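Take a look at the letters that make up each chain.
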Amino acid sequence: MRRTATAVLSAVLLAGGLAVTAAPAAQAGIITCKPAELRQQAAQLDRKAEELKHLGERAAAAKAHQQANALRNKAKACEDADNNA
């Protein structure tokens, strides 16, 4: 069961464009996820979105905010997976 859950989580994270680093123990089903880096990338996207909004590029700003929120959701999923492991 745990192996299946790990495979599903990996597929979901990879499908979302998340770069997941496989540790040497990946053969045992262990995946290393870096929520702090994901949140840092989200903050950068939020700053970019604010700049775009200031320049009047509202559609691009909205897209950047959506991408930032997706990264924050992935970071939370990583933390939740770690806490439930």
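Details of the structure are given in the entry above.
Residues numbered from 1 in each chain as written. Predicted model: local features only at pLDDT ≥ 70, side-chain atom pairs only at ≥ 80, totals over all residues. Heavy atoms only, no water.

**Points about the pattern of salt bridges**
Close approach of charged atoms allows side chains with opposite charge to pair. Summed over all chains, the structure comprises four salt bridges. Here E79 makes a salt bridge to R39, at a shortest N to O gap of 2.9 Å. With E79 in helix α3 (residues 58-84) and R39 in helix α2 (residues 35-54), this residue pair connects regions lying 40 residues apart in the sequence. A residue is classified by how much of its surface remains accessible, and R39, at 34% relative accessible area, is partly exposed. Linking K76 and D80 is a salt bridge whose minimum nitrogen-to-oxygen distance equals 3.2 Å. With K76 and D80 both in helix α3 and four residues apart, this pair spans about one turn of that helix. On the basis of relative accessibility, which here comes to 46%, the residue K76 falls in the partly exposed class. D80 sits in the partly exposed class, given a relative accessible area of 31%. (Salt bridge = Lys/Arg side-chain N within 4 Å of Asp/Glu carboxyl O. Helix = DSSP H or I, 4+ residues; strand = E, 2+ residues; numbered from the N terminus. Buried < 20%, exposed > 50% of the residue type's maximum accessible area, 1.4 Å probe, protein only.)

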